[in-house]
Protein chains: 2
Amino acid sequence: MTSSLEQRKRRPHRFDATLQGHKLTLAYRGTDFSGWQRQPNKRTVQECIENALEKIWGAKIILQGSGRTDTGVHALGQVASFNAPRLHADSILQRALNANLPRDVRVVKCRLVSPAFHARFDSVEKTYRYLIWNHLVQDPFTWDTHWHVPRPLDLTAMRRASRFLQGKHDFASFTSNPGYERETTVRTMRRVSLVHDKETLTFHFTADGFLYRMVRNLVGGLVKVGLGKISVADFGKILHACSRSEAPATAPACGLYLVSVKYPPRPS
Amino acid sequence: MTSSLEQRKRRPHRFDATLQGHKLTLAYRGTDFSGWQRQPNKRTVQECIENALEKIWGAKIILQGSGRTDTGVHALGQVASFNAPRLHADSILQRALNANLPRDVRVVKCRLVSPAFHARFDSVEKTYRYLIWNHLVQDPFTWDTHWHVPRPLDLTAMRRASRFLQGKHDFASFTSNPGYERETTVRTMRRVSLVHDKETLTFHFTADGFLYRMVRNLVGGLVKVGLGKISVADFGKILHACSRSEAPATAPACGLYLVSVKYPPRPS
C-alpha cells in the first residue's frame, strides 16, 4: 500500500456543481482564538467566519480551511473555501464579511472560483514564518507575536543547521504526534531562510506540506543549536533518525504565522 | 506676569538629598491601560509600576512621569523618576521590576541619578510618533497600534502642510482643552517628518514640549489635508488662528507613541 502525499492530495471530494465556489484569503491574530477548527464552547477562527457566512446567506455553510492552525498561531494568508449560491460579486462579499467579523480576523481577498476548488486537497505548497524577539528585555508590543529568546543566538550555526532541511526528507523527528499522521512523514522543503533585523529574527519555511507542529519543532531545534545546546551535526542526526523521541523542544505558538498557500494555476 | 515654558520647567521641587534618585525608561502597550496617571478603580501604568516599587521597597513610593499619556496611547521611551533608599544596582533593579510587572509594560533602562532629577521638570525635549495603517482592509495585527485610514492619502500635500509646523508657534489651535493650560501655548517644533513604507505611514514630531492632545490634533488635521478635505493653505490658517474652535478632528489614541524624552547632559 502506497500512501504518498500526492495520493492524499488527490482524494476525491463531492461538490454540487450548481453552486458557486468561493475562495477566501484570511489574516488573523491568533492570540484570542483557540485555533482554526470549530470546537464546542471555544472561540475559533472557523466558527467566526462560518457565523459571518450564515448571517449573509441565512443558512449554515461549511468552511474548508487549507489546514488547521493551533491556539495562538497567526495567519497572514490562510486560505479557506466554501460552496454556496452566488449572491454577490467578490469585492462586495469581502466587505460584507469584514463588516460581520471581529477585528482580529480579516478577509484580505475573496475570489469566485470553480465549485471543484478545495482549499485543503488542492494546495501544493505552503509557507510559514516564525518570529523571534531576541533581546534581554521582553517587548510589550511583541509578547503575543514573537517568541522571546533573551540569550544571544549563534545565527551562523543556525543557518548551517537549517541547510540540512532543504530537499526531500522524512521529517518524522519533527512532528509532535507521529501516530496521528497515518500517511507518509516525507515532505519536500523547498526553501528555508533566516533573516536578522535588529532584535527580530525571521524564519521562512516553504514546503509541499507540513506535519503537525513541524515548524515549531524545527524552530525549537534550531534555537537549541543557536544557544549551543546541541551542535549543527547533532541537528542533522536528529533529522536523519526519523524518530520523534530524538527531537528537541517545541517553540511556542505565538511566533508562528501561516503566510501563504499555493494552488496550481487555474485552467484558462 | 510672564508664564513661559522655561519658567514652568524651572519650578522648584523638594527632594531629600539622603535618598537615591532613580530614572526609569519605560515601554508600554497602552491598549489595556487607562493611561499613565493613577486613578481609582482603573488600571494605569503609574499604578502598575508603583505597585512593583512597593513590592521591592516594602513602602509606598511616588513615581513622577515625564508627562501623562491618555488611555490607549503607547510608549517606547517614557521616562519616570523616584527617590528611595538605595537597594540595588541598576541592572538588578531593572530585572526585579520587570519580574513584578505585567507583560504590557517593561522597564527598558534603569539608571541611578541625582535625587534632584525630576522626570517632568527637567525634560527639555520630547519626541512622539504616530502610526497610520493606510489600506482599504484593516489589519488584525495593527488595530490597537495604528490608526486605520482606508482611503488614499496625498502625502505630498501632507508633507507641505507639516512644514508650517516647524519652528516656534502658538499651537493653541491644536490643543483640545486650552482652558486647562494656564501657561503659554507657544512651543518650538524642532522636527516633523512623515515616512511611508508600504501600508504604514509614520509621523515623528520633536518639540521642546507638547500641549494636551497636540500630536493627535496635528495628525487629525494633516490627514484631512491628505484626504483633500482641507487645503494646505487652510492648514496654515488654522495654525495661525491660534484658536481651538478652528481646529480639525482629533486622531485616535491607538496610533500615538511617546518615543523619547530628552534631558540636559548630566554635570560631570
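**Observations regarding the overall build of chain A**
Here comes step 1: Tallying secondary structure elements over chain A gives 6 helices and 10 strands in all.
Here comes step 2: Principal-axis analysis of the C-alpha atoms gives chain A an extent of 55 × 50 × 35 Å.
Here comes step 3: Counting every position in chain A, which comprises 268 residues, the buried fraction comes to 53%.
Here comes step 4: Once local pairs closer than 6 in sequence are excluded, the contacts in chain A between residues at least 24 apart make up 73%.

**Remarks on the domain arrangement of chain A**
Residues and elements named next belong to chain A.
Here comes step 1: With domains assigned, chain A is organised as domain 1 (18-122) and domain 2 (128-255).
Here comes step 2: When each unit is reduced to the centre of its C-alpha atoms, the spacing between domain 1 and domain 2 is 28 Å.
Here comes step 3: Contact with domain 1, which involves 9 residues of that partner, is made by 10 residues of domain 2.
Here comes step 4: Between domain 1 and domain 2, the buried area comes to about 690 Å², and carbon and sulfur atoms account for 45% of it.
Here comes step 5: If you sort the residues of domain 1 by the area they bury against domain 2, T31, D70 and H74 come out on top, with a joint share of 48%.
Here comes step 6: At the junction of domain 1 with domain 2, the criterion picks out 2 salt bridges.

**Focus: the interface of chain B and chain A**
Here comes step 1: Taken together, the contact between chain B and chain A spans 21 residues of the former and 21 residues of the latter.
Here comes step 2: Between chain B and chain A, a total of about 1,700 Å² is buried, with carbon and sulfur atoms accounting for 69% of that surface.
Here comes step 3: Among the residues of chain B in contact with chain A, R29, P140 and F141 of chain B are the three that bury the most area, contributing 41% of the side total.
Here comes step 4: Our count for the chain B to chain A interface comes out at 2 salt bridges.
Here comes step 5: Ionic pairing is found between D144 of chain A and R29 of chain B, a salt bridge with its closest N-O pair at 3.2 Å.
Here comes step 6: Those elements giving two or more residues to the side of chain B that touches chain A turn out to be β1 (20-28), β3 (74-84), α3 (90-99) and β4 (105-113) of chain B.

**Observations concerning helix α6 (residues 232-241) of chain A**
Residue and element names in this part refer to chain A.
Here comes step 1: Taken together, the buried positions of α6 are V232, F235, G236, I238 and L239. Taken around the axis of α6, the buried residues stretch over an arc of 155°, which confines them to a single face. Exposed residues lying more than 90 degrees from the buried face of α6 are K237 and H240.
Here comes step 2: At its buried positions, α6 is contacted by α4 (155-162), β7 (167-170) and α5 (214-226).
Here comes step 3: Within two residues after α6, C242 carries a phi angle of roughly 50°, on the positive side.

**Points about the relation of the copies chain B and chain A**
Here comes step 1: Expressed as a screw transformation, the operator carrying chain B onto chain A has a rotation angle of 180° and an axial translation of 0.0 Å, and the superposed copies differ by an RMSD of 0.0 Å. Between the two chains, the operation in question is that of a two-fold axis. Taking C-alpha positions as the reference, the residue of chain B nearest the rotation axis is F141 of chain B, at 5.2 Å.
Here comes step 2: The residues that chain B uses at the interface reappear at the interface of chain A in 100% of cases, marking a shared surface.

**Description of unusual backbone geometry**
Note: most residues except glycine have negative phi, and most peptide bonds are trans.
Here comes step 1: Even without being a glycine, K198 of chain A presents a positive backbone phi close to 55°.
Here comes step 2: For K198 of chain A, a relative accessible area of 68% gives the class exposed.
Here comes step 3: A positive phi angle, close to 60°, is found at N41 of chain B, a residue other than glycine.
Here comes step 4: Examined against the element boundaries, N41 of chain B turns out to sit in the loop between β1 and α2 (45-57).

**Here we look at helix α4 (residues 155-162) of chain B**
All names here are of chain B.
Here comes step 1: Every buried residue of α4 is listed here: L155, A157, M158, A161 and S162. Taken end-on, α4 shows its buried residues confined to a sector of 160°, consistent with a single buried face.
Here comes step 2: The secondary structure elements touched by the buried residues of α4 are β8 (186-197), β9 (200-207), α5 (214-226) and α6 (232-241).
Here comes step 3: Regarding α4, its N-cap is D154, as a side-chain oxygen of that residue lies 3.2 Å from the backbone nitrogen of T156 further along.

**Section: the environment of T250 of chain A**
Residue and element names in this part refer to chain A.
Here comes step 1: Along the chain, T250 turns up in the loop between α6 and β10 (256-262).
Here comes step 2: T250 sits in the partly exposed class, given a relative accessible area of 29%.
Here comes step 3: Excluding its chain neighbours within four sequence positions, the residues that come into contact with T250 are S176, R213, R216, N217 and R244.
Here comes step 4: One polar contact links T250 to N217, side chain to side chain, over a distance of 2.7 Å.

**Some points on the pairing of strand β5 (residues 125-133) of chain A**
Residues and elements named next belong to chain A.
Here comes step 1: Burial within β5 is extensive, with 8 of its 9 residues counted as buried.
Here comes step 2: Here β5 runs beside β10; their pairing, made up of 6 bridges, is antiparallel. Looking across to β10, one finds that T127 is bridged to S260.
Here comes step 3: Inspection of the sheet shows β5 paired to strand β9 (residues 200-207) by 8 bridges, in the antiparallel sense. Bridge pairing in β9 links Y130 to F203.

**Remarks on the side chain of N98 of chain B**
Here comes step 1: Secondary-structure assignment places N98 of chain B in helix α3.
Here comes step 2: Of the residues examined, N98 of chain B reaches a relative accessible area of 12% and is grouped as buried.
Here comes step 3: Residues contacting N98 of chain B, with those up to four places away along its chain left out, are V137 of chain A together with R106 and V107 of chain B.

Quick notes on the rules
- Residues numbered from 1 in each chain as written.
- Chains lettered and ligands numbered in written order.
- Predicted model: local features only at pLDDT ≥ 70, side-chain atom pairs only at ≥ 80, totals over all residues.
- Heavy atoms only, no water.
- Helix = DSSP H or I, 4+ residues; strand = E, 2+ residues; numbered from the N terminus.
- Buried < 20%, exposed > 50% of the residue type's maximum accessible area, 1.4 Å probe, protein only.
- Contact = heavy atoms within 4.5 Å.
- Domains from an automatic or database assignment.
- Buried area = accessible area lost by both parts, 1.4 Å probe.
- Salt bridge = Lys/Arg side-chain N within 4 Å of Asp/Glu carboxyl O.
- Arc of directions from axis to C-beta.
- Least-squares fit on C-alpha atoms with pLDDT ≥ 70 in both.
- Polar contact = N/O pair within 3.5 Å; in protein donor to acceptor, adjacent residues only side chain to side chain.
- Pairing = 2+ DSSP bridges.

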